[in-house]
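# Reading the structure
Here are the chains, one letter per residue:
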Amino acid sequence: MLSEKRKWEKHKCESSKALHRVGLVHSSEESSVMELERRDRPEAEEERQRERTSALNQKKTFVISKREVKSAWERVRKNGGTGGIDGIELAEFAENRAKNLYKIWNRMSSGSYHPQAVKRVEIPKQDGSKRPLGIPTIGDRIAQEVVRARLEPILEQVFHEDSWGYRPGKSATEAIARCRARSWENKWVLDVDIQKFFDTIDHELLLKAVRKHCGEKWMVLYIERWLKAPIQHCDGRQEENRRGTPQGGVISPLLANLYLHYAFDCWMARSFPQIRFERYADDIVIHCSKQEEAELLKEKLSARLRECGLELHPEKTKVVCCDTQRQDYPNIQYKFLGYCFRPRAANNKRTGQTFTGFLPAASTEAKKSIKAKLKAELPKPSEGIGKVVERLNPILRGWFEYFGKFYASSLSDVVRWIDALIHRWLRRKYASGARQAGRLLKQIRGSSPNLFFHWRFIQTSGRAG
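Residues numbered from 1 in each chain as written. Predicted model: local features only at pLDDT ≥ 70, side-chain atom pairs only at ≥ 80, totals over all residues. Heavy atoms only, no water.

## Quick word on the packing of helix α12 (residues 252-271) against helix α13 (residues 291-307)
To keep things clear, this is the line we draw: Lines fitted to C-alpha atoms define the axes, with helix axes restricted to the stretch in contact, and inter-axis angles between N-to-C directions lie between 0 and 180 degrees. Comment: elements are numbered from the N terminus, with helices defined as DSSP H or I runs of at least four residues and strands as E runs of at least two. Note that the term roughly parallel is reserved for angles under 35 degrees, roughly antiparallel for angles over 145, roughly perpendicular for angles of 65 to 115, and oblique for everything else. The hand of a helix crossing depends on one turn: near helix anticlockwise from the far one by less than a right angle means left-handed, and clockwise means right-handed. Pairs of residues are marked as contacts when any of their non-hydrogen atoms sit within 4.5 Å. Asp, Glu, Lys and Arg are counted as charged, while Ala, Val, Leu, Ile, Met, Phe, Trp, Tyr, Cys and Pro are counted as nonpolar; the rest, among them Gly, fall into the polar class.
For the pair α12 and α13, interaxial distance at closest approach is 10 Å and the crossing angle is 135°. As the angle between them shows, α12 and α13 are arranged oblique. Regarding α12 and α13, the two cross each other, and that crossing is right-handed. Packed against α12, whose contacting residues are Y262, A263, F264, W267, M268 and R270, the element α13 presents L297, K300, L301, R304 and L305 at the interface. For the contact of α12 with α13, a count of residues per class yields 8 nonpolar, no polar and 3 charged.

Written out as structure tokens, the structure is:
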């Protein structure tokens, strides 16, 4: 293990002549992968070692540093997740980290890297259907992260300002705030849903876009191999992947953004420069001033996406009226990033008067999802209250911090439901009646008002309870 680890440590005795010839070496970590040379070796042996090192470096086709691979591993490890078809999980990979990372680096640098098949799994969606995910192996995720880290800064320079998804420095809550403001300014919205977007991306069109912005051939080569890697189902059956980029791949969100940058963003800027939109991956809201404008745009967009191998969802894509004074139109609400936008009662902070505004709040589907998740995480009655807090608080924190940004008063029913869930758990734990469990819950809340995150949320927001 020590010798393997030393391959990844910075040292000065490795030759880097071949890499310096292409002018891309910036540190000794990007040079040879040979073992450290012993300083007490005879001069002839040292010369032979340098020759062997130089020969090895000359065989490397692509310039990829070991530091890039190590950094990619750290990010993949931090993000977590399950292993792929080889059955190797993060903990097992970490046990032989130096050897595994060296293998990835060596193969990527020499051009001999080929990804394994992608494991197909299905996860339930809020509407009851299932979403297919493609899970690459840990090693393939690290390789993808190496390319993603290099390609992302290049593409960030060309992406549209209203493309919000999976981009550094941009958040979903900022996209929602922008969408809310524009829904006040424009009375009509085209709510866009692209049918099976990640599964229907045209490989050749995507690779054409990649080649336009990526000057390093090895990156294009590996992206093509990832796109065409076979899919392995749970029964072991493999099928050829002719379209799409698997959700679950590290580089898939970046590639999806690039595809829609040309299929949608640039087309909108060219064809309808006066119309504004928000796009978060394939979730798109377009703001129009008139109903006729929205209807025409829907027709034009459908034709444009067909040119790019994509289809609008016939039922989920719809024109929505955002005018709170007009309630006769069939569609007066739409969903974006888990929020439901529709007419809601609100208070004017300056005057204190109540008015009706077109506002976002946590959707019914989002509330159902958090309830199902909390139920699944609730510990057994044999475990203590500390285990309940440990299990629920991370979920509560993330959910309330996101859905509490807008119209937090709509979360009061979720707060009451969570208290009822804890109340039922106390009844089972102590085999007590409802009143006794209620008094115990009240006592816990009185002595530890910050114990559960939703209690803290109520105190700090002052808007839900």
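Next, the rest of the story.
## Some thoughts on the pairing of strand β3 (residues 188-193)
Basically, it comes down to this: Burial status follows relative accessibility: with a 1.4 Å probe on protein chains alone, a residue under 20% of its type maximum counts as buried, one over 50% as exposed, and anything between as partly exposed. Whether two strands pair depends on DSSP finding at least two bridges between them.
The buried fraction of β3 amounts to 5 of the 6 residues, a majority that puts the element mostly inside the structure. The pairing of β3 with strand β7 (residues 283-288) spans 6 bridges and is classified as antiparallel. Bridging from a neighbouring strand, D191 pairs with V285 of β7.

## With respect to the nonpolar core
Our working definition: Residues enter a nonpolar core if they are buried and are Ala, Val, Leu, Ile, Met, Phe, Trp, Tyr or Cys, with the set joined through side-chain atoms within 4.5 Å.
Membership of the largest hydrophobic core comes to 67 residues, with the highest contact counts inside it found for M108, I142, I223 and I286. Broken down by element, the residue count for this core peaks at 10 residues, all from α12. Not counting the four nearest positions on each side in its chain, M108 is found in contact with F62, I64, Y113, A143, V146, V147, W218 and Y222. Core analysis: the second largest hydrophobic core is formed by 48 residues, F336, I422, I444 and I458 among them.

## Re the sheet that holds strand β5 (residues 238-239)
Pairing is mixed in the open sheet, where 4 strands are placed in the order β2-β1-β4-β5. At either end of the open sheet lies a strand with only one pairing partner, and these are β2 (130-135) and β5. Examined bridge by bridge, strand β1 (residues 118-124) and strand β4 (residues 231-232) share 2 bridges and lie parallel to one another. Bridging from a neighbouring strand, V118 pairs with I231 of β4.

## Here's the deal with the sheet that holds strand β10 (residues 339-347)
Ordered in space as β9-β10-β11, the 3 strands form an open sheet in which the pairing is antiparallel. Two strands in the sheet have a free side with no partner beyond their single neighbour: β9 (334-336) and β11 (354-362). Adjacent strand axes in the sheet meet at a mean angle of 50°, parallel and antiparallel pairs treated alike. As defined by bridge partners, β9 adjoins β10 across 3 bridges and the pair is classed as antiparallel.

## Quick word on a negative patch on the surface
To be explicit about the condition: Surface patches are drawn from residues lacking salt bridges whose relative accessible area is over 30%; two like charges belong together within 9 Å, two nonpolar side chains (Val, Leu, Ile, Met, Phe, Trp, Tyr) within 5 Å. Computed with a 1.4 Å probe, the accessible areas rest on the Shrake-Rupley method; for each residue, only the protein chains presented here act as cover. Criterion for a salt bridge: a side-chain nitrogen of Lys or Arg within 4 Å of a carboxyl oxygen of Asp or Glu. Charge counting treats Lys and Arg as positive and Asp and Glu as negative, with His and both chain ends excluded. Charged side chains are reduced to one point each, which is NZ for Lys, CZ for Arg, CG for Asp and CD for Glu.
Together, D86, E89, E92 and E95 make up a negatively charged patch on the protein surface. For E89, the location among the structural elements is in the loop between α4 (66-79) and α5 (90-95). With a relative accessible area of 35%, E89 lands in the partly exposed category.

## Section: the environment of E278
Stated precisely, the cut-off is as follows: Whenever two N or O atoms come within 3.5 Å, that pair is a polar contact, provided that in protein one can donate a hydrogen and the other can accept it, and provided that, for residues adjacent in sequence, both atoms are side-chain atoms.
Along the chain, E278 turns up in strand β6 (residues 276-280). The class of E278 is buried, set by a relative accessible area of 0%. The sequence separation of E278 and C179 amounts to 99 residues, and the corresponding C-alpha distance is 6.6 Å. The residues contacting E278, other than those within four sequence positions of it, are D162, W164, A175, R178, C179, R182, D283, I284, V285, H287 and F336. A polar contact is formed between the side chain of E278 and the side chain of R182, at a distance of 2.9 Å.

## Here's the deal with helix α7 (residues 138-156)
What counts, and what does not: Each helix should span, by expectation, one fewer than its residue count multiplied by 1.5 Å.
The terminal C-alpha atoms of α7, which comprises 19 residues, lie 26 Å apart, in line with the 27 Å expected from a rise of 1.5 Å per residue. Counted residue by residue, α7 has 14 buried out of 19 residues, so it is predominantly covered.

## A short note on the packing of aromatic side chains
Heads up, the condition is: Geometry of aromatic contacts follows a simple scheme: Phe, Tyr and Trp rings, the Trp one being its six-membered ring, pair when their centres are within 6.5 Å, and the pair is stacked under 30 degrees between planes, edge-to-face over 60, tilted otherwise.
All chains considered together, the criterion is met by 24 aromatic pairs. Aromatic pair Y113 and Y222: ring centres 5.2 Å apart, planes at 90°, arrangement edge-to-face. Of this pair, Y113 sits in the loop between α6 (97-110) and β1 while Y222 is found in helix α11 (residues 217-227), placing the two residues 109 residues apart along the sequence. Classification of Y113 by relative accessible area gives buried; the value is 5%.

## Considering the environment of I135
Tracing the chain through its elements places I135 in strand β2. With 111 residues separating them in the primary sequence, I135 and P246 have C-alpha atoms 7.6 Å apart.

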